[in-house]
Amino acid sequence: MKKGSIAIAVQWLLLVCLVVSTIAKTGSGTAATGNRDFPADTKLDKWDGSAGQTYLQQLIIQSGGLGIGLGFLFSIFMFFHLMCWGMCSPCCRCCCFRYKKVKLQSCWDNQDNYKWFLLASLLIFLISIAGVGIIFGNQSHLYEDIGQTFDHAKEFIGDWADFQCAGLIVDDFRSGKSLSDVQDQYGGTAGAIAKCSVTSVGGFLHGANTQVNTTFQTIINLIDGMQNIINSLNNTIDKVENTTSIATAINATVYLMKNQSELINSTLVDTLATSSNFSAYLPRPADIPKVESQDTYIPGQAVNSLAEAKNELVNARQGISPTIVDDLLLKTKPEIQSQWGSIYRSLLDIESQMLKHVNQALSKEDNIDSTKSSTTSSETYGELAMALLYSLSCVFLLTMIIGYLCKKRWPICLGGYLIFFTFLWLAFILGIFLVLSMISYDICGCEGTYSVESCQTLITMLRTNLGSTEVKVRDDKVLVADIVQQILECPNRVNDQGIYDYSPDSNFIDIMQVLGAFNFSKEVQKPIIQLNNATSSLYVSRYVDQVLNQTGNARNAMALVAVATAYNFSSDYNQYNDLLTGLRGLNPAQYYSGVYNPVTNQQNIDRLSGILKPSNEEMEANRDSLNEHKRNYNISIDQINVAANAINAAVENSRRDIGNSVNEIYNMVNYILTVNRYTPCAIIGKAYKNIWITDFCDNVYETLDGVVPGAILCLAAMLTGFFLLIMMRDCVRIIQEDWREDQNDIRMGIVSADGKKQNFVSSNNINGLVKCFFLAA
């Protein structure tokens with residue numbers, strides 16, 4: 001065999017390997033070589049129709065009947081080849097395939113041509129090795145891809161958990177704590193949700209809890225506090241009544257003093273009439289304090305003013321009591337409490353379910369790890385499985401080549417039979433890989449560019465099979481097929497701190513266009529209307545102004561009442577007492593200017609002791625009582641004014657607080673409308689890209705499709721090697737027969753005409769025996 005021939009053979013071998021390797025590494029691969037009508041716009045449950053059947057037929061045709069069809073066809077050719085070349089029985093050989101006719105052919109007659117058979121066999125063998133190498137190279141990263149898929153799945157679970165409640169809760173669940181343990185640790189569901197990061201859905205729900213509780217508790221406290229206004233009005237009305245009682249007491253005291261003043265005056269006149277000398281001992285009647293007419297009727301005016309003030313307070317109470325008691329306390333408060341409880345319980349239910357889902361999702365991380373571990377535990381031999389399976393082609397071909405080199409027909413027969421019986425199964429395995437790669441290629445439709453935007457067939461298939469599936473968010477219904485592409489293509493928008501940077505195209509709420517479902521403006525309109533109506537009727541200023549006016553009149557009027565304010569009743573008492581002592585003495589006549597009359601003297605003694613002295617004391621006591629009443633009266637008036645102003649301020653503050661509460665309700669509604677700031681959809685887009693596009697469309701397809709070129713090379717090598725080496729069995733037979741003839745000639749001393757011995761142990765045959773020895777070893 002010449003060196004040039006070997007070089008040419010090696011060059012062709014390298015060219016074949018290069019071409020096949022290039023095909024295996026292309027973005028499209030063998031699955032893209034045929035045109036198929038993948039029914040992406042037909043639901044899977046409708047694939048039993050014409051569209052599905054057409055696609056199935058195309059798969060069967062382009063895969064050679066799952067490899068079985070082509071394998072069976074070539075097996076028939078191989079069977080007849082075996083028969084024609086006498087592998088079953090010499091009697092099967094017929095026509096031009098009879099041994100005697102084959103031996104006479106120039107190809108077989110010239111043994112120098114046998115080297116070309118050997119070269120072709122070796123080339124075919126090397127091609128099978130190349131095929132096995134391609135398969136091994138393709139499968140070498142199989143477990144790395146499998147591990148990556150598990151990592152992506154685990155990463156998605158972590159992202160999904162962080163999306164709902166990032167922070168301590170996730171760490172607690174990962175540490176093995178149960179949902180009840182976490183709830184007990186943080187004081188219930190609301191306490192656990194409070195530990196979620198502010199950027200997660202849990203953080204939003206905690207904010208919603210705070211907003212709801214603060215808003216409704218403020219309103220309840222306001223309504224309860226407004227009841228004090230009614231109590232203050234009632235107390236002020238009582239205070240007015242008490243002040244009226246004081247004014248009445250003042251009026252009664254004035255009348256008592258009027259009677260006492262008149263009695264003292266008339267008694268003094270009568271006493272002075274009995275003796276002109278008494279003027280030196282008794283006060284003048286004109287000096288006795290008198291009660292003017294205004295002193296008697298002014299207290300009545302004050303009472304009337306107080307009555308008007310009371311009426312104004314009663315009118316104020318009647319004006320705001322229906323609002324404060326009937327509307328706010330008896331109607332609005334129960335409704336607020338009911339809505340508060342309903343909303344808060346709904347939030348707690350959502351939060352509890354969310355924590356449950358987070359716990360369940362994180363619990364699957366261990367399952368993923370264990371499944372990954374068990375799956376990749378076979379990595380040491382799993383990556384070799386396909387290569388070892390198709391390496392049978394190399395083994396069988398090598399067996400036949402060794403038989404040829406060793407000039408033994410039985411290895412050639414053994415290898416041929418093994419190839420015949422295994423070819424169909426290997427073709428079937430190839431067909432399965434080819435069909436699966438075609439399906440993977442057709443489902444994704446990436447055409448070599450693995451991105452969410454390029455793999456549109458998969459999105460079309462998803463939209464088709466989702467059909468009329470709807471997601472209901474409160475009263476809004478969303479057709480999933482209309483939004484699936486936007487969600488799957490959802491961009492990951494974060495700022496420099498890694499926090500979600502809001503945009504309308506990167507969150508679930510805006511993409512689904514269901515933000516209106518989170519607008520609770522209608523639900524809160526009833527309490528808002530009730531509160532606003534209460535505000536419009538909560539006015540007591542004009543009543544309080546009238547109260548202050550009337551109490552001012554009452555104060556001013558009562559200030560005019562002044563009887564014996566600075567009068568010295570003690571001096572009069574002393575005068576009365578001194579004269580009485582003298583009249584009762586040994587010489588009472590000295591006090592009389594005329595004739596002394598004991599009867600008159602006794603009458604004067606009775607006037608002094610029975611009228612003037614006690615009346616003087618009583619009038620002084622009434623004067624002091626009047627002053628005390630007036631002091632208490634003024635204090636009460638001040639208290640009424642303070643209370644009236646306080647009531648007015650309380651009502652105004654309540655009106656202001658009601659307005660603030662309405663604003664708080666709107667703030668709560670507006671806060672809930674920020675839910676789209678907490679629902680980024682990048683986790684879905686990321687998971688879709690990693691798991692579906694990268695792991696399925698890219699890695700799975702390349703793994704399946706990468707086996708096909710190598711398997712084709714192995715099967716092609718088996719087929720061509722089978723046909724060639726079966727024929728080369730006759731070469732061995734011819735050589736063996738020639739060797740026997742040479743041995744006979746040698747024993748008989750017969751030498752050929754050209755002077756060369758035609759024996760088996762020639763230089764070429766020695767080389768073959770050496771090769772046979774090493775190969776067999």
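As shown above, the structure is provided for reference.
A brief look at the structure comes next. Remember, it's a predicted structure, so these values are computed and weren't measured experimentally.

**Here we look at the packing of helix α11 (residues 201-272) against helix α22 (residues 598-672)**
Relative placement of two packed helices is described by the angle separating their axes and the distance separating the axes. At a minimum axis separation of 5 Å, α11 and α22 run at an interaxial angle of 165°. Put simply, α11 runs roughly antiparallel to α22. Crossing handedness for the pair α11 and α22: left-handed. Residue composition of the contact of α11 with α22, by class: 36 nonpolar, 25 polar and eight charged.

**What to know about unusual backbone geometry**
Not every positive phi belongs to a glycine, and Q513 is a case in point at roughly 55°. Counting through the fold element by element, Q513 comes out in the loop between α18 (508-512) and α19 (525-537). By relative accessible area, which is 69% here, Q513 ends up exposed. Even without being a glycine, A564 presents a positive backbone phi close to 55°. By the secondary structure assignment, A564 is in the loop between α20 (541-559) and α21 (569-583).

**Some words on a nonpolar patch on the surface**
A contiguous nonpolar patch, built from L66, I68, L70, F72, L73, I76, F77, F79 and F80 and spanning about 790 Å² of accessible area, is present on the exposed surface. Along the chain, F79 falls in helix α3 (residues 68-84). Overall, the relative accessible area of 39% leaves F79 in the partly exposed class.

**Focus on the pattern of salt bridges**
Counted by the stated rule, this structure contains 18 salt bridges. Put simply, D159 and K686 hold a salt bridge, and the shortest N to O gap is 3.2 Å. A residue pair is termed long-range when its members are at least 10 positions apart, and D159 in helix α7 (residues 142-165) and K686 in helix α23 (residues 682-748) qualify at 527 residues. Among the residues examined, D159 registers a relative accessible area of 19% and is labelled buried. The closest approach of N and O atoms between R656 and D657, which form a salt bridge, is 3.2 Å.

**A word on the layout of surface pockets**
When its volume is computed, the largest pocket comes out at roughly 1,000 Å³. Elements with a minimum of two residues in the lining of the largest pocket: α7, α11, α12 (293-376), α17 (480-488), α18 and α22. No other element matches the nine residues that α12 contributes to the lining of the largest pocket. Its residues assigned to classes, the lining of the largest pocket comprises 29 nonpolar, seven polar and two charged.

Calculation criteria
Residues numbered from 1 in each chain as written. Predicted model: local features only at pLDDT ≥ 70, side-chain atom pairs only at ≥ 80, totals over all residues. Heavy atoms only, no water. Axes fitted to C-alpha atoms, helices over the stretch in contact; angles between N-to-C directions. Helix = DSSP H or I, 4+ residues; strand = E, 2+ residues; numbered from the N terminus. Parallel < 35°, antiparallel > 145°, perpendicular 65-115°, else oblique. Left-handed = near helix turned anticlockwise from the far one by under 90°. Nonpolar A, V, L, I, M, F, W, Y, C, P; charged D, E, K, R; others polar. Buried < 20%, exposed > 50% of the residue type's maximum accessible area, 1.4 Å probe, protein only. Patch = residues over 30% accessible without salt bridge, like charges linked within 9 Å, V, L, I, M, F, W, Y side chains within 5 Å. Areas by Shrake-Rupley, 256 points an atom, 1.4 Å probe, with all protein chains shown as cover. Salt bridge = Lys/Arg side-chain N within 4 Å of Asp/Glu carboxyl O. 1 Å grid on protein atoms, 1.4 Å probe; cavity = no way out; pocket = protein on both sides within 12 Å on 5 of 7 lines; lining within 4 Å. Points joined across faces, edges and corners; volume = space filled by probe spheres on them.

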